[in-house]
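Secondary and tertiary structure notes
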Amino acid sequence: MATASKTTVRDLALPEPDEDDWLSSHSEMKETHDSWWQRFQSVISPVRERKKKIYLVPLGEKWATSEVELDKIGTKESFLSLLQRFASVFFTGFQVVVLSSVSIAELKCKTRRHGGHRQLLIPDIYKYLQSKWPSDAFCVVGITMMDLYPRESWNYVFGQALPSAGVGVFSFARYDPLFHEKDSTKALSSNTSTLVLWRSCKFGEFGIGLTNNSLIDIEEM
């Protein structure tokens, strides 16, 4: 009796990129699922592989009071607490720990003004995260509501990572509709909207995965 073969992600060809897609303007090396998995295993050292803690490091002062209103009667919860709970569910098997917020002064990171916003230089953040590496960490990820830039010639990036070192940093600043408000007092409100929370949760999990050359197996998506 003939049985139907199961089609997996490995069997599907990628569609041609649209005009606005990354691959339409950037030349990237093609990669199969199996070659990606081999590369992933080569990036994660045997020492880190046994660790089961993901550390999130809030960068900047806004985190101390940022809350999200959860319902119409005004129930609120810490933005960081909600982000931590979402990540814990998403990365089942890992313990997600949120460390104390780090001020920009303590970070000792080069900054600049660009487009009316203060930006943090990513390589300096890498140095800080690596210097504060917890002994039981699988990875350490900086998260911030400030804008980021990787080098002087770039306007900004949403985030970057060093998978081989297990560190990354990601900004949620541009997911806030108030980011481009001329009235800075609005942008510095202590309340964070549910829209910003949801966007940050999705981007945050992508960032954690990227920090580890993707913890997300595409066959499970």
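Conventions we followed
- Residues numbered from 1 in each chain as written.
- Predicted model: local features only at pLDDT ≥ 70, side-chain atom pairs only at ≥ 80, totals over all residues.
- Heavy atoms only, no water.
- Phe/Tyr/Trp six-rings, centres within 6.5 Å; stacked < 30°, edge-to-face > 60°.
- Helix = DSSP H or I, 4+ residues; strand = E, 2+ residues; numbered from the N terminus.
- Buried < 20%, exposed > 50% of the residue type's maximum accessible area, 1.4 Å probe, protein only.
- Lys NZ or Arg CZ within 6 Å of the ring centre and 35° of its normal.
- Contact = heavy atoms within 4.5 Å.
- Expected span 1.5 Å × (residues − 1).
- Patch = residues over 30% accessible without salt bridge, like charges linked within 9 Å, V, L, I, M, F, W, Y side chains within 5 Å.
- Areas by Shrake-Rupley, 256 points an atom, 1.4 Å probe, with all protein chains shown as cover.
- Salt bridge = Lys/Arg side-chain N within 4 Å of Asp/Glu carboxyl O.
- Lys, Arg positive; Asp, Glu negative; His and termini not counted.
- Charge placed at Lys NZ, Arg CZ, Asp CG, Glu CD.
- Axes fitted to C-alpha atoms, helices over the stretch in contact; angles between N-to-C directions.
- Parallel < 35°, antiparallel > 145°, perpendicular 65-115°, else oblique.
- Left-handed = near helix turned anticlockwise from the far one by under 90°.
- Nonpolar A, V, L, I, M, F, W, Y, C, P; charged D, E, K, R; others polar.
- Pairing = 2+ DSSP bridges.

1. Things to note about the packing of aromatic side chains
Enumeration over the complete set of coordinates arrives at 6 aromatic pairs. Seen from their ring centres, Phe-158 and Tyr-175 are 5.3 Å apart, and the 40° between their planes marks the pair as tilted. Residue Phe-158 is located in the loop between strand S8 (147-149) and strand S9 (159-162), and its partner Tyr-175 is located in the loop between strand S10 (167-171) and helix H6 (184-187); the two are separated by 17 residues in the primary sequence. Residue classification places Phe-158 among the partly exposed positions, given a relative accessible area of 30%. Through successive ring pairs, a cluster of aromatic residues spans Phe-86, Phe-90 and Phe-91. Sitting above the plane of the Phe-94 ring, Lys-52 keeps its charged end 5.0 Å from the centroid.

2. Description of unusual backbone geometry
If you check the backbone angles, Lys-108 has positive phi at about 55° while not being a glycine. Tracing the chain through its elements places Lys-108 in the loop between helix H4 (104-107) and strand S5 (111-114).

3. Some details on the environment of Leu-99
Turning to its location among the elements, Leu-99 is positioned in the loop between strand S4 (95-98) and H4. Of the residues examined, Leu-99 reaches a relative accessible area of 31% and is grouped as partly exposed. Sequence spacing of Leu-99 and Pro-58 is 41 residues, and the spatial spacing of their C-alpha atoms is 7.1 Å. Residues in contact with Leu-99, not counting those within four places in the same chain, are Tyr-55, Leu-56, Val-57 and Pro-58.

4. So, helix H7 (residues 194-211)
Because each turn of an α-helix spans 3.6 residues, side chains separated by three or four positions end up pointing in the same direction. With 18 residues, H7 should reach 26 Å at 1.5 Å per residue; the first-to-last C-alpha distance of 25 Å fits that figure. Residues of H7 that are buried include every one of Val-196, Leu-197, Ser-200, Cys-201, Phe-203, Gly-204, Glu-205, Gly-207, Ile-208, Gly-209 and Thr-211, and no others.

5. Structural notes on a negative patch on the surface
Side chains of Asp-18, Glu-19, Asp-20 and Asp-21 sit close together on the surface and give a patch of like negative charge. One can find Glu-19 in the segment before helix H1 (33-43).

6. Some details on the packing of helix H3 (residues 79-90) against H7
Their axes nearest at 10 Å, the elements H3 and H7 cross at an angle of 45°. Between H3 and H7, the angle is such that the two are oblique. For the crossing formed where H3 meets H7, the hand is right-handed. Residue-level inspection shows Phe-79, Leu-82, Leu-83, Phe-86, Ala-87 and Phe-90 of H3 in contact with H7, the latter providing Val-196, Leu-197, Trp-198, Ser-200, Cys-201, Glu-205 and Ile-208. In terms of residue class, the contact of H3 with H7 is built from 11 nonpolar, 1 polar and 1 charged.

7. So, the sheet that holds S9
Hydrogen bonds between backbone groups are what pair the strands of a sheet, and the pairing can be parallel or antiparallel. Spatially, 5 strands are ordered S4-S1-S7-S10-S9 in an open sheet, and the strand pairing comes out mixed. Each end of this open sheet is capped by a strand with a single partner; those strands are S4 and S9. Each strand axis lies, on average, 20° off the axis of its neighbour in the sheet, ignoring direction. Where strand S7 (residues 137-144) and S10 come together, 5 bridges link them in parallel fashion. Following the sheet pairing, Gly-142 is matched in S10 by Val-169. The sheet contacts of H3 involve strand S1 (53-59), S4 and S7, and relative to S4 the element is tilted by about 165°. Of the strands in this sheet, S1, S7, S9 and S10 touch H7, which is tilted by about 160° from S10.

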